[in-house]
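# Fold and contact review
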Amino acid sequence: MDMAKLVLVEDDAVLRRELKLLLETYGYTCAAPTNFTDMPEAILRENPDLVLLDLTLPGKDGYSICRELRLVSRVPVIVLTSRDTEADELLSMSFGADDFIAKPFNRQILLAHTAAVLKRSGLHAGTVTHRGVTYDPGRGTVSFEGREAELTKNESRILSLLFRSAGQIVSREELMNELWQSDEFIDDNTLTVNMNRLRRTLEGIGVRDFLTTRRGKGYEI
């Protein structure tokens, strides 16, 4: 599986762990250094396909790191920052950043920007295949024996979790948390509706008996 490799440069330990998990969940490999000394060199040693770079860091700030990277590399850089003025955005671009995301950000926005920048550079998150069915998280598609279907956001989230847990039962609670990421009560029937839609999408490209209901337990592929 050919996954795009990212380097996440973020000094907030909690946010760093959350973003690393998110990116790996969606099909990327992600290095997240915790030592910010000699950061440009550390980034280049990872040979990444994209860098997610916080501006406010101990030691050299993100502007300096981006400028030094640009002297020797064209690796795409997305700046992440709580500085959200137009001047900060312009300054980031002037130092060679490819994109700019202001904190706090919706994690789906981060994923969309990441996929867009990688696509412009000719890369995207790696595909995963199980029992002949291929899921492409970067493009949001599923394919089987030459036939392909686009997935809705919920279908993509469901398949992402199922593929990560291939061969294991995924509980309804896990799926609902993945879909709605909320502690609020969600009608259990809403998940059933989403699962049935995904089954119809899979059947539309000739995939049958791939998604199994384990009564009283959850679902499995």
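Look up: the structure comes first, before these words.
Described in the following lines is the structure provided in the data block.

## Quick look at the packing of aromatic side chains
Counted by the stated rule, this structure contains three aromatic pairs. A ring pair is formed by phenylalanine 163 and phenylalanine 210, whose centres lie 6.1 Å apart and whose planes are at 40 degrees; its orientation type is tilted. Here phenylalanine 210 lies in the loop between helix H8 (188–204) and strand E10 (212–214) and phenylalanine 163 lies in helix H6 (residues 153–164), a separation of 47 residues in the sequence. Among the residues examined, phenylalanine 163 registers a relative accessible area of 11% and is labelled buried. For phenylalanine 210, a relative accessible area of 3% corresponds to the buried category. An aromatic cluster of three or more residues is present, and its members are Tyr135, Phe163 and Phe210.

## Let's talk about the sheet that holds strand E9 (residues 147–150)
The four strands are arranged E6-E7-E8-E9 in an open sheet whose pairing can be described as antiparallel. Two strands lie at the open edges of the sheet, namely strand E6 (128–130) and E9, each paired on one side alone. For this sheet, the mean angle separating the axes of adjacent strands, direction not counted, is 20 degrees. Across three bridges, E6 lies against strand E7 (residues 133–136) in antiparallel orientation.

## A look at the sheet that holds strand E3 (residues 50–54)
Overall, parallel pairing links the five strands, which are arranged E2-E1-E3-E4-E5 in an open sheet. The two strands at the open ends of the sheet, each matched to only one other strand, are strand E2 (29–31) and strand E5 (99–102). When strand polarity is set aside, the average angle formed by the axes of neighbouring strands in this sheet is 20 degrees. Where E3 lies against strand E4 (residues 77–81), four bridges are found, and the strand directions are parallel. Within the sheet, the bridge partner assigned to leucine 53 lies in E4 and is valine 79. The strands that helix H2 (residues 39–46) touches are strand E1 (5–9), E2 and E3; relative to E1, the one it contacts most, it runs at about 160 degrees.

## Quick word on the pattern of salt bridges
Inspection of every chain in the model, using the stated rule, returns seven salt bridges. The partner of lysine 20 in a salt bridge is glutamate 24, with the nearest N and O atoms 2.6 Å apart. Taken together, the positions of lysine 20 and glutamate 24, both in helix H1 (residues 13–25) and four residues apart, correspond to about one turn of that helix. Residue lysine 20 is classed as partly exposed on the basis of its relative accessible area, which comes to 27%. Exposure remark for glutamate 24: the relative accessible area of 34% places this residue in the partly exposed category.

## Overview of the side chain of asparagine 194
You can see asparagine 194 is positioned in helix H8. Note on asparagine 194: relative accessible area 7%, which makes it buried. Ignoring any residue separated from it by four or fewer positions in sequence, one finds asparagine 194 in contact with Asn154, Ile158 and Trp180.

## Describing the state of the cysteines
Applying the stated criterion to the full structure yields zero disulfides. Left without a disulfide partner, cysteine 30 is nearest to the cysteine sulfur of cysteine 66, which lies 17 Å away. For cysteine 30, a relative accessible area of 10% gives the class buried.

## Re the nonpolar core
Grouped together as the largest cluster of nonpolar side chains are 25 residues, with contacts concentrated most on Val142, Leu162, Leu175 and Met195. Looking at this core, the elements with two or more residues in it are E7, strand E8 (141–144), H6, helix H7 (172–180) and H8. Take this core: its biggest share by element is five residues, from H6. Once you skip the residues sitting within four places of it in the chain, leucine 162 turns out to touch Val170, Met195, Leu211, Tyr219 and Ile221.

## Regarding H1
Compared with an ideal rise of 1.5 Å per residue, which puts 13 residues at 18 Å, H1 spans 18 Å between its outermost C-alpha atoms and is within 8% of the ideal. If you check the start of H1, you find a side-chain oxygen 3.1 Å away from the backbone N of valine 14, and it comes from aspartate 12.

So, how was this worked out
Residues numbered from 1 in each chain as written. Predicted model: local features only at pLDDT ≥ 70, side-chain atom pairs only at ≥ 80, totals over all residues. Heavy atoms only, no water. Phe/Tyr/Trp six-rings, centres within 6.5 Å; stacked < 30°, edge-to-face > 60°. Helix = DSSP H or I, 4+ residues; strand = E, 2+ residues; numbered from the N terminus. Buried < 20%, exposed > 50% of the residue type's maximum accessible area, 1.4 Å probe, protein only. Pairing = 2+ DSSP bridges. Axes fitted to C-alpha atoms, helices over the stretch in contact; angles between N-to-C directions. Contact = heavy atoms within 4.5 Å. Salt bridge = Lys/Arg side-chain N within 4 Å of Asp/Glu carboxyl O. Disulfide = S-S within 2.5 Å. Core = buried A, V, L, I, M, F, W, Y, C linked by side-chain atoms within 4.5 Å. Expected span 1.5 Å × (residues − 1). Polar contact = N/O pair within 3.5 Å; in protein donor to acceptor, adjacent residues only side chain to side chain.

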